[in-house]
Amino acid sequence: MKNLIRRISRKKEQSLSMSPPRYSRLGCEEVSNNHPRRETRKGCVPIMVGKCEEEEERFMVPLGWMNHPFIVDLLQLSANEFGYHQQGVIHIPCETCHFKLVLENIISSK
């Protein structure tokens, strides 16, 4: 599982140049929309969250959280919807407010 996460993380870092510059802050440093940067902060995985493209928001999630049960459940939801061979940034089909609550719960449980 850890090797899979590392491979996904490397692929995501390489494909960021094609991703939209939308960021949210939870766990990793925020990148300003005024000066968007497309690289990934070391130790973080970019994840696009939203049910449709217009509502998608980009989150930078610490790599260490990728094996947390809440994140694993959301990744399984993503795999069920899009398959295991997603190109580019990981997409999770859930409401952004739900994803923010999940991340806040992870933060508060530490």
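Conventions used here
Residues numbered from 1 in each chain as written. Predicted model: local features only at pLDDT ≥ 70, side-chain atom pairs only at ≥ 80, totals over all residues. Heavy atoms only, no water. UniProt positions renumbered as here; feature names shortened; annotations may be inferred. Axes fitted to C-alpha atoms, helices over the stretch in contact; angles between N-to-C directions. Helix = DSSP H or I, 4+ residues; strand = E, 2+ residues; numbered from the N terminus. Parallel < 35°, antiparallel > 145°, perpendicular 65-115°, else oblique. Contact = heavy atoms within 4.5 Å. Nonpolar A, V, L, I, M, F, W, Y, C, P; charged D, E, K, R; others polar. Core = buried A, V, L, I, M, F, W, Y, C linked by side-chain atoms within 4.5 Å. Buried < 20%, exposed > 50% of the residue type's maximum accessible area, 1.4 Å probe, protein only. Expected span 1.5 Å × (residues − 1). Patch = residues over 30% accessible without salt bridge, like charges linked within 9 Å, V, L, I, M, F, W, Y side chains within 5 Å. Areas by Shrake-Rupley, 256 points an atom, 1.4 Å probe, with all protein chains shown as cover. Salt bridge = Lys/Arg side-chain N within 4 Å of Asp/Glu carboxyl O. Lys, Arg positive; Asp, Glu negative; His and termini not counted. Charge placed at Lys NZ, Arg CZ, Asp CG, Glu CD. Pairing = 2+ DSSP bridges.

Named according to an unreviewed UniProt entry, the chain is Small auxin up regulated protein originating from Chenopodium quinoa. Listed under Sequence similarities (unreviewed entry) in UniProt, the entry text for the chain is "Belongs to the ARG7 family."

**Q** What should I look at first to understand the packing of helix α2 (residues 69-82) against helix α3 (residues 96-108) in this one?
**A** Axes are the key here: two packed helices are described by the angle between their axes and the distance separating the axes. Two elements in contact, α2 and α3, have axes separated by 9 Å at closest approach and are oriented at 155°. One element, α2, and the other, α3, form an angle in the roughly antiparallel class. Each of Phe 70, Ile 71 and Leu 74 in α2 lies in contact with α3, whose residues at this interface are His 98, Phe 99, Val 102, Leu 103, Asn 105 and Ile 106. Class assignment for the residues of the contact of α2 with α3 results in seven nonpolar, two polar and no charged.

**Q** Is there a simple way to think about the nonpolar core in this case?
**A** Note on soluble globular proteins: their nonpolar side chains tend to be buried together. If you look at the biggest cluster of nonpolar residues, it comprises 17 residues, and the most contacted ones within it are Ile 47, Val 61, Met 66, Ile 71, Ile 92, Phe 99 and Leu 103. Those elements giving two or more residues to this core turn out to be β1 (44-49), β2 (57-62), α2, β3 (90-92) and α3. Examining the composition of this core, we find that four residues originate from one element, α3, more than from any other. Those residues in contact with Ile 47 that sit more than four places away from it in its chain are Glu 57, Arg 58, Phe 59, Val 61, Met 66, Val 89, Ile 90 and Ile 92.

**Q** What's the story with α2 in this structure? I'm lost.
**A** Residues separated by three or four positions in an α-helix point in the same direction, a consequence of the helix having 3.6 residues per turn. For α2, spanning 14 residues, the distance from its first C-alpha to its last is 20 Å, which sits close to the expected 20 Å at 1.5 Å a residue. Where α2 is buried, its residues touch β3 and α3. Looking one or two residues beyond α2, the residue adopting positive phi is Gly 83, at roughly 90°.

**Q** What am I meant to see in a negative patch on the surface here?
**A** Together, Glu 53, Glu 54, Glu 55 and Glu 95 make up a negatively charged patch on the protein surface. Within the fold, Glu 95 resides in the loop between β3 and α3. The exposure class assigned to Glu 95 is partly exposed, which follows from its relative accessible area of 37%.

**Q** What am I meant to see in the sheet that holds β2 here?
**A** The strands that make up a sheet are held in pairs by hydrogen bonds between backbone atoms, and each pair lies either parallel or antiparallel. Strand order in this open sheet of three strands is β2-β1-β3, and the pairing throughout is mixed. Where the open sheet ends on each side, the last strands, each with one partner, are β2 and β3. Strand after strand, the sheet turns through a mean of 35° between neighbouring axes, direction not considered. This element, α3, spans β1, β2 and β3 of the sheet and lies at about 15° to β2.

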